[in-house]
Amino acid sequence: MNERELDHYMGEVEEKLLEETDYILEVQRSREISSECAHIPNLKFPIYYDEFSSDRIITMDWIKGLHLKEWLDTNPSQTSKNQIGQALLGFLSSPSS
């Protein structure tokens, strides 16, 4: 990688890092995704609280649950696996994801 390519690459990395730490933009995008995916059964998103949030803090609901691998270790029924699979497929095929 030459110096020009490295500068371009580092510029992209800096842009993405700044974008990821823009909490106002993060909440805006999260709300958009939540709204667009609200019709998907078995999918839940947190509620965001503007009155307790700022450009440096995001305040939202805590949603209790398990990581997918941990959940699978509980030996769920095939029906439950199908429901989660459908929710994931619906989310991944939504326009905003």
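The rules behind each value
- Residues numbered from 1 in each chain as written.
- Predicted model: local features only at pLDDT ≥ 70, side-chain atom pairs only at ≥ 80, totals over all residues.
- Heavy atoms only, no water.
- Helix = DSSP H or I, 4+ residues; strand = E, 2+ residues; numbered from the N terminus.
- Rg over C-alpha atoms; globule rule 2.2 N^0.38 Å.
- Buried < 20%, exposed > 50% of the residue type's maximum accessible area, 1.4 Å probe, protein only.
- Contact = heavy atoms within 4.5 Å.
- Areas by Shrake-Rupley, 256 points an atom, 1.4 Å probe, with all protein chains shown as cover.
- Lys, Arg positive; Asp, Glu negative; His and termini not counted.
- Charge placed at Lys NZ, Arg CZ, Asp CG, Glu CD.
- Phe/Tyr/Trp six-rings, centres within 6.5 Å; stacked < 30°, edge-to-face > 60°.
- Patch = residues over 30% accessible without salt bridge, like charges linked within 9 Å, V, L, I, M, F, W, Y side chains within 5 Å.
- Salt bridge = Lys/Arg side-chain N within 4 Å of Asp/Glu carboxyl O.
- Polar contact = N/O pair within 3.5 Å; in protein donor to acceptor, adjacent residues only side chain to side chain.
- Expected span 1.5 Å × (residues − 1).

Caption draft 1: Structural context of the overall build of the protein chain. Looking only at helices and strands, one finds 4 helices and 0 strands in the protein chain. Seen in sequence order, the protein chain has helices and strands lined up from the N terminus as α-α-α-α. For 97 residues, the compact-globule estimate of 2.2 N^0.38 gives 13 Å, and the protein chain exceeds it by more than 25% at 18 Å. For the protein chain, the proportion of its 97 residues judged to be buried stands at 10%. If you take every contact in the protein chain between residues at least 6 apart in sequence, the share linking residues at least 24 apart comes to 40%. Carbon and sulfur atoms make up 56% of the accessible area of the protein chain, which totals about 8200 Å². Averaging the locations of the 9 positively and 18 negatively charged side chains of the protein chain gives two centres separated by 9 Å.

Caption draft 2: Up close: the packing of aromatic side chains. One pass over the full model with this rule turns up 1 aromatic pair. Between F45 and F91 the ring centres are 6.2 Å apart and the planes differ by 45°, which places this aromatic pair in the tilted class. Remark: F91 occurs in helix α4 (residues 78–92) and F45 occurs in the loop between α2 (23–36) and α3 (68–72); sequence separation between them is 46 residues.

Caption draft 3: Broad picture of a negative patch on the surface. On the surface, a cluster of negative charge is made up of E20, D22, E26 and D55. Mapped onto the fold, E20 is located in helix α1 (residues 3–20). Taking relative accessible area as the criterion, E20 reaches 52% and is therefore assigned exposed.

Caption draft 4: Molecular detail of the side chain of S34. For S34, the location among the structural elements is in helix α2. Reaching out from S34, the side chain makes a polar contact with the backbone oxygen of S30 at a distance of 2.8 Å.

Caption draft 5: Quick peek at the side chain of S94. Tracing the chain through its elements places S94 in the segment after α4. Residue S94 is classed as buried on the basis of its relative accessible area, which comes to 7%. Looking at S94, its side chain comes within polar contact range of the main-chain oxygen of F91, at 2.8 Å.

Caption draft 6: The arrangement of α1 in detail. In this model, α1 (18 residues) spans 25 Å end to end at C-alpha, consistent with the 26 Å of a helix rising 1.5 Å per residue. Sitting at the amino-terminal end of α1 is N2, which places a side-chain oxygen 3.0 Å from the backbone nitrogen of R4.

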